[in-house]
Amino acid sequence: MDMTPEKLIELAKDAMTRSYSPYSGFQVGAALLCADGTVYQGCNIENAAFSPTNCAERTAIFKAVSEGRRNFSAIAICGGKGGVITDFCPPCGVCRQVMGEFCGPDFPVYLAGPNNTWQVKTLAELLPFSFSSENI
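For clarity, every value in this text was computed on a predicted model and none was experimentally measured.

A. Structural context of the side chain of Arg-96. Looking at the element boundaries, Arg-96 is found in helix 3 (residues 93-102). There is a polar contact of 2.7 Å between the side chain of Arg-96 and the backbone oxygen of Leu-126. Residue contacts for Arg-96: discarding those within four places in its chain leaves Pro-90, Pro-91, Leu-123, Leu-126 and Leu-127.

B. Highlighting the sheet that holds strand 5 (residues 118-122). In spatial order, the strands read 2-1-3-4-5; together these 5 strands make up an open sheet with mixed pairing. Two strands lie at the open edges of the sheet, namely strand 2 (39-43) and strand 5, each paired on one side alone. Neighbouring strand axes in the sheet, compared pairwise and without regard to direction, differ in orientation by 20° on average. Strand direction decides the pairing type here: strand 4 (residues 108-112) and strand 5, joined by 5 bridges, are antiparallel. Paired with Val-109 across the bridge in strand 5 is Lys-121.

C. View of the pairing of strand 4. For strand 4, the buried fraction is high: 5 of the 5 residues fall into the buried class. Side chains Pro-108, Tyr-110 and Ala-112 project from strand 4 onto one buried face, and the interleaved Val-109 and Leu-111 project onto a second face that is buried too. For the crossover that starts at strand 3 (residues 72-81), traverses helix 3 and ends in the parallel strand 4, the hand is right-handed. Linking strand 4 back to strand 5 in an antiparallel pair, the connection comprises 5 residues, with Asn-115 at a positive phi of about 55°.

Thresholds, definitions, all that
- The numbering scheme is per chain: residues are counted from 1 as the chain's sequence reads.
- A pLDDT threshold of at least 70 governs which residues receive local features in this predicted model, and a stricter bar of 80 or more applies before side-chain atom pairs are shown or counted, although totals over entire chains, interfaces and linings include all residues.
- In computing side-chain values, all of the structure's heavy atoms are included and hydrogens and water are not.
- Strands here mean DSSP runs of E at least two residues long; helices mean DSSP runs of H or I at least four residues long; both are numbered from the N terminus.
- Whenever a nitrogen or oxygen atom comes within 3.5 Å of another N or O atom, the pair is scored as a polar contact, on the condition that within protein one atom can donate a hydrogen and the other can accept it, and that pairs from neighbouring residues in sequence are kept only if both atoms are in side chains.
- Only heavy atoms matter for contacts: two residues are in contact if any of them lie within 4.5 Å across the pair.
- A strand pair is defined by DSSP finding two or more bridges across the two strands.
- Every angle, taken between N-to-C directions, lies between 0 and 180 degrees, and every axis is a line fitted to C-alpha atoms, over only the stretch in contact when it is a helix.
- Accessible area is worked out with a 1.4 Å probe on protein chains only. A residue is then buried under 20% of its type maximum, exposed over 50%, and partly exposed in between.
- Seen with the strands pointing away from the viewer, any crossover whose path from the first strand over the helix to the second strand runs clockwise is right-handed.

Taken by themselves, the reported measurements are silent on function.
Okay, here's the thing in structure tokens:
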């Protein structure tokens, strides 16, 4: 089965329903497509101390990496207060940097919007002049 952006976005929406966000009420879901067709879902997981909070994108990526996956084809992200998508939900800077560790500049990031709209950005568009292992 070919994974279309729409199907990947639906999986991100499904992941959003499992968000643990009692403090902000802002639910986020992500669906990470691996090169072999496997999909890893992630949701945001908040913590009362805030800094231990983990974003949906990193949850999905860390799940995949922890199971030996390193080649990713795309990610879909959606989010909204109370689980209602009212705008596009781009990844935070930390998540962009984590994507940069495992994904190339052309890696597609699908952002789900309201009313079944979506847009795609490349990682290079979201993380220009990134820091990588070449800088170490």
